[in-house]
Amino acid sequence: MACMKLGSKSDAFQRQGQAWFCTTGLPSDIVVEAGEMSFHLHKFPLLSRSGVMERRIAEASKEEDDNCLIKISDLPGGDKTFELVAKFCYGVKLELTASNVVYLRCAAEHLEMTEEYGEGNLISQTETFFNQVVLKSWKDSVKALQSCDEVLEYADELNITKKCIESLAMRASTDPNLFGWPVVEHGGGPMQSPGGSVLWNGISTGARPRQTSSDWWYEDASMLSFPLFKRLITVMDSRGIREDIIAGSLTHYTRKHLPGLKRRRGGPPESSGRFSTPLSSGSVLSEEEQKRLLEETEELLRMQKGLVPTKFFADMLRIAKILKASPSCVANLEKRIGMQLDQAALEDLVMPSFSHTMETLYDVDSVQRILDHFLSTDQIMPADVGSPCSSVDDGNVIGSPRLITPMTAVAKLIDGYLAEVAPDVNLKLPKFQALAASVPEYARLLDDGLYRAIDIYLKHHPWLAETERENLCRLLDCQKLSLEACTHAAQNERLPLRVIVQVLFFEQLQLRTSVAGCFLVSDNLDGGSRQLRSGGFAGGSTEGGGGGGGWATAVRENQVLKVGMDSMRMRVCELEKECSNMRQEIEKLGKTTKGGGGGGSGSGSKTWFGIKLKSHQMCSAQEGSVSKSNNENVKIEKLKDVKERRGKHKKASSISSER
């Protein structure tokens, strides 16, 4: 730290309790009380340097009192600063530093220690040191600005605060990698030559210094009180510093001084100062000061997506509710999270409820508002996700985009949140249902996450009526369940019978579609094998039987395909048996109850357990097993014929190769 020595005499002051005495050998003729200390001094050194002391001593002398007493209660810096002023008046050695120059400059102004009362007086000395030494150093400017807190009114009048802030803003806006030699002194690292190489004992080593990031000044700036830090950020913003850098400094400052944003294990919070005093004083922010810091930080941050991580806003929202921040602050934080909800994690949304009623364990209403903010923004819906009837094959959506859209990410996030809060027995069905229904249908590529959340909710709310269960399960699209989810749902006793029937029906349709696709592939292989037979001998004659390898590969692929079709056929038969048994049970129930069964309509459509199908679809569902079994037998005969032909072809190839 830079310093400058004033005076040449050795220290001639001695402290005894709450009093200072001058040890020059002459008896004191004046007592000055400053703060809690009293100074036993002499009149001449004081009045020869200060206009105020000259007038006060003259006034006291008129009273013809032998004990001249002067009280100074409003001196900037108090008794510690007056001690340094007295030493300066006596010509005692005194060091000017970045930590005391502001106090001395303000006290000198207050006592009128101008050049009229002596050349090289305290005002000129402190002004020169401040302008030529302190303002040229980042560290010294920070220390000087910290000291402005206690004498802020005087410092503002003398433009000391403004000069420090301008100096810091200028250096923060300068790239330290471009001007590494004079600027990078903040880091406390090795000195550098103007060429950029590292100096060791004044000798260039040729090593290049490490690159400095744009956040190098965050920690130093966080040592300021928030009013001064806010003024510094405002000046930096006016200088055109990038918004992400300013936002980063605000988040760093807030995390440091709000204990809830960043806790230390086994130690005190990182906050180390009071809100309106220098942060080195060791005290912690009060709740009122924390709330004011949070609210003003939220106001300073730009309303721009991606500028600040979503986790930071989620943590601020949680603390804002604990500190009972203003409703506008809470609403703005929810809006900020909603703007970039697709970048949030599940832990960001799981917030406990801080309401007095404590109806639920989690703040579901806040998440609902956050989701509404996200949906109100201009979200782009991809064209190939618009159909809610996309078919599902082995857990994948056919025709779905490769890139996950923001809406898809949010749908997955909300489904995970629903599963997290579902065990809360106090969570009412309308809230759960409203949050689940807020997500658009096209946003969910699969309904597995929603099914899991509904299953957990039904498990922890067994008292729900059958109608309530059915209304909740109407949120599910059985066509968008994977095969694993369908298998689980078919055996889930918590689901209404209507939903189980729907799941079995669509699972059967998916399996039949898959079997039909396998037969189509088989037909293509059959046509390819015929082409191979027609050109196989020619290839063998010209390339020494090279076509035999391709034929063997085709045979192996056909065998693998046949095994897959056999297993698929067995699964279809099992499902048909289950569906037939269930249909019989339903018919029995329909006979015993009034109005049981699905009613017909004039348009030729029927409703069967909530599935609206046309008459020809019902026929295909009831009679499809017979037609499919016939078709499957035909396909099996074709495959046998292909196998016999390939066997004859293999024998002919072996005979030609022997010849």
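Read on for a plain summary of the structure. (Residues numbered from 1 in each chain as written. Predicted model: local features only at pLDDT ≥ 70, side-chain atom pairs only at ≥ 80, totals over all residues. Heavy atoms only, no water.)

### A look at the overall build of the chain
Heads up, the rule is: In this description a helix means any DSSP run of H or I spanning at least four residues, a strand means any run of E spanning at least two, and both kinds are numbered starting from the N terminus. Relative accessibility thresholds used throughout: buried, under 20% of the residue-type maximum; exposed, over 50%; partly exposed, between the two (1.4 Å probe, protein chains only). Residue contacts are defined here by distance: any two heavy atoms, one from each residue, within 4.5 Å place the two residues in contact. Each accessible area is a Shrake-Rupley result for a 1.4 Å probe, and residues are judged covered by the shown protein chains and nothing else.
A tally of helices and strands in the chain yields 25 helices and 13 strands. Evaluated residue by residue, the chain yields a buried proportion of 42% over its 659 residues. Long-range pairs, those at least 24 residues apart, make up 69% of the contacts in the chain between residues at least 6 apart in sequence. In the form shown here, the chain has an accessible surface area of approximately 35200 Å², with 53% of it arising from carbon and sulfur atoms.

### Structural notes on unusual backbone geometry
The phi angle at glutamate 112 is positive, at roughly 60°, despite the residue not being glycine. Structurally, glutamate 112 can be placed in the loop between helix H4 (101–110) and helix H5 (122–132). Take glutamate 112: its relative accessible area is 30%, and that puts it in the partly exposed class. The phi torsion at asparagine 159 lies on the positive side, around 60°, for a residue other than glycine.

### Describing the nonpolar core
The test is simple: Buried Ala, Val, Leu, Ile, Met, Phe, Trp, Tyr and Cys residues form a nonpolar core when they are joined through side-chain atoms within 4.5 Å. Reported domain spans reflect what an automatic or database domain assignment gives.
Within the largest apolar cluster, 153 residues are counted, with the highest numbers of intra-cluster contacts made by Trp217 and Leu341. Among the elements that take part in this core, helix H18 (residues 406–421) stands out by supplying 9 residues, more than any other. Split by domain, this core shows at least three residues from each of two domains, domain 1 (3–158) and domain 2 (403–520).

### Quick notes on helix H13 (residues 287–300)
An α-helical segment advances 3.6 residues per turn. Residues three or four places apart therefore align on the same side. Applied cut-off: The span you would expect from a helix comes to 1.5 Å times its residue count less one.
Here H13 contains 14 residues, and its C-alpha end-to-end distance of 20 Å stays within 8% of the 20 Å for a straight helix at 1.5 Å per residue. Buried within H13 are the following residues: Glu289, Gln290, Lys291, Leu293, Leu294, Glu296, Thr297 and Glu298. Contacts from the buried residues of H13 go to helix H11 (226–238), helix H12 (243–257), helix H14 (310–322) and helix H15 (327–339).

### Focus: the packing of H4 against H5
Heads up, the condition is: For helices, the fitted axis covers only the stretch in contact; all axes are lines through C-alpha atoms, and the angles between them, taken along N-to-C directions, range from 0 to 180 degrees. Helix crossings are classified by the rotation of the near helix relative to the far one: an anticlockwise turn of less than a right angle makes the crossing left-handed, while a clockwise turn makes it right-handed. Residue type decides the class: Asp, Glu, Lys and Arg count as charged, Ala, Val, Leu, Ile, Met, Phe, Trp, Tyr, Cys and Pro as nonpolar, and the leftover types, Gly among them, as polar.
Orientation of H4 relative to H5, taken along the N-to-C sense of each, is 150°, at an axis distance of 9 Å. Along this stretch, H4 crosses H5, giving a crossing that reads as left-handed. Residues Val101, Leu104, Arg105, Ala108 and Glu109 of H4 pack against Leu122, Ile123, Thr126, Glu127, Phe129 and Phe130 of H5. Grouping the constituent residues of the contact of H4 with H5 by class yields 7 nonpolar, 1 polar and 3 charged.

### Brief notes about the packing of aromatic side chains
So the rule is basically this: Pairing of aromatic rings covers Phe, Tyr and Trp, the last counted by its six-membered ring, and requires centre-to-centre distances within 6.5 Å; plane angles under 30 degrees mean stacked, over 60 mean edge-to-face, and any other angle means tilted.
One pass over the structure, following the stated rule, counts 8 aromatic pairs. Each ring, one from tryptophan 217 and one from tyrosine 218, has its centre 5.0 Å from the other, and the planes form 90°; the classification is edge-to-face. Exposure class is identical for tryptophan 217 and tyrosine 218. Each is buried.

### A closer look at the sheet that holds strand S3 (residues 19–22)
Selection criterion: In short, DSSP must find at least two bridges between two strands for them to pair.
Ordered by their spatial adjacency, 5 strands build an open sheet running S2-S3-S5-S4-S6, and the pairing between neighbours is mixed. The sheet is open, and its two edges are formed by strand S2 (13–16) and strand S6 (69–72), each paired on a single side. Going from strand to strand, the sheet's axes swing by 20° on average, the running direction of each strand aside. The sheet contacts of helix H2 (residues 51–62) involve strand S4 (30–34) and S6, and relative to S6 the element is tilted by about 140°. Its contacts with the sheet place helix H3 (residues 78–89) against S2, S3, S4, strand S5 (37–41) and S6, and it is angled at close to 15° to S5.

### So, the pattern of salt bridges
Heads up, the condition is: The salt bridge definition used is simple: a Lys or Arg side-chain nitrogen within 4 Å of an Asp or Glu carboxyl oxygen.
Across all of its chains, the model carries 24 salt bridges by this definition. One salt bridge connects arginine 239 with glutamate 166, and the closest N-O pair in it is separated by 3.2 Å. Of this pair, arginine 239 sits in the loop between H11 and H12 while glutamate 166 sits in helix H8 (residues 160–172), and the two are 73 residues apart along the sequence. A relative accessible area of 30% places glutamate 166 in the partly exposed class. A salt bridge links glutamate 296 to lysine 230; the nearest nitrogen and oxygen atoms lie 3.3 Å apart. With glutamate 296 in helix H13 and lysine 230 in helix H11, this pair connects stretches of sequence that are 66 residues apart. The class for lysine 230 is partly exposed, based on a relative accessible area of 30%. What emerges from the salt-bridge pattern is a single network uniting Arg105, Glu109, Glu127 and Lys163.

Take it as geometry only, folks, not as evidence of what the structure does.
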